[in-house]
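Residue-level structure breakdown
One-letter residues, chain by chain:
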Amino acid sequence: MDFYQRVAVVCKTVPAGKVATYGQIALLCGKPKNSRQVGYALKHNFSGDNLPAHRIVNHQGYLSGAGCFQDPDKQDVLLMEEGVEVSSDLRVDLKKYGWKNTLEDALCLRAYFEKTGI
DNA sequence: TCTCTGACGGTTG
DNA sequence: ACAACCGCCAGAG
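Our subject in this report is the structure included herewith. These figures come from a predicted structure and were not determined experimentally.

Once that is clear, we can look at the overall build of chain A. The number of helices and strands found in chain A is six helices and two strands. For chain A, the proportion of contacts with a sequence separation of at least 24, taken over those separated by at least 6, is 68%. Entry remark: accessible area of chain A is about 7,200 Å², with carbon and sulfur atoms responsible for 51%.

So, about the nonpolar core. Grouped together as the largest cluster of nonpolar side chains are 23 residues, with contacts concentrated most on Val7, Val10, Ile25, Val38, Leu42 and Ile56. Ranked by residue count, the leading element in this core is helix α1 (residues 3–13), at six residues. In this structure, Val19, Leu63, Leu79 and Tyr97 belong to the second largest nonpolar core, which totals eight residues.

Quick look at helix α4 (residues 74–81) now. Along an α-helix, residues three or four apart share an orientation, since each turn contains 3.6 residues. Of the residues making up α4, those classed as buried are Gln75, Asp76 and Leu79. Angular distribution of buried residues about the axis of α4 spans 100°; they occupy a single face of the element. Following α4 by one or two positions, Gly83 has its phi on the positive side, about 90°.

What counts, and at which threshold
Residues numbered from 1 in each chain as written. Chains lettered and ligands numbered in written order. Predicted model: local features only at pLDDT ≥ 70, side-chain atom pairs only at ≥ 80, totals over all residues. Heavy atoms only, no water. Helix = DSSP H or I, 4+ residues; strand = E, 2+ residues; numbered from the N terminus. Contact = heavy atoms within 4.5 Å. Areas by Shrake-Rupley, 256 points an atom, 1.4 Å probe, with all protein chains shown as cover. Core = buried A, V, L, I, M, F, W, Y, C linked by side-chain atoms within 4.5 Å. Buried < 20%, exposed > 50% of the residue type's maximum accessible area, 1.4 Å probe, protein only. Arc of directions from axis to C-beta.

And the structure:
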C-alpha cells in the first residue's frame, strides 16, 4: 500500500469550497496517526499533478503554507475563488468550511484503494 | 542501526 | 481561548 498515493487521492476528493485537516486525510488513508506524513507528502508533492493542497489545513484551521506555492498569497486566492473566507492571519473557519467526511466517502475511498491496490 | 526532524493531533492546566 | 506537553511515524544523513 502506498500511503502517498492515498494522500493524493483523498486530497482530490475534498470538494471545492471546503477544507480538510491533516488528521482527516490520514484517517481516510487508513493511518490515523500519520498526520505528519500527510504534510510530508504534500510538501514533496508526490503523484506529480497539482493537488489542491491549499484545502489542507491543520486542526486549528491555519494554513501552514510552507512554500508549496511560490507565492504565499496564492493559497488565499485559490481559497477565495472557491468561496472560502481566509482571515488575515491565514486562518479559515472550520465550523463553516470544514469538510465533513461522510461514511459514504470513506467507504468509497476504501473501495477505490482496494480496486487500485494502493 | 541511531538520531534528528517535521505542512500534525489530542489532552491538560 | 490559549499554550505547553507528549505521542506518533516515516525520511534523511
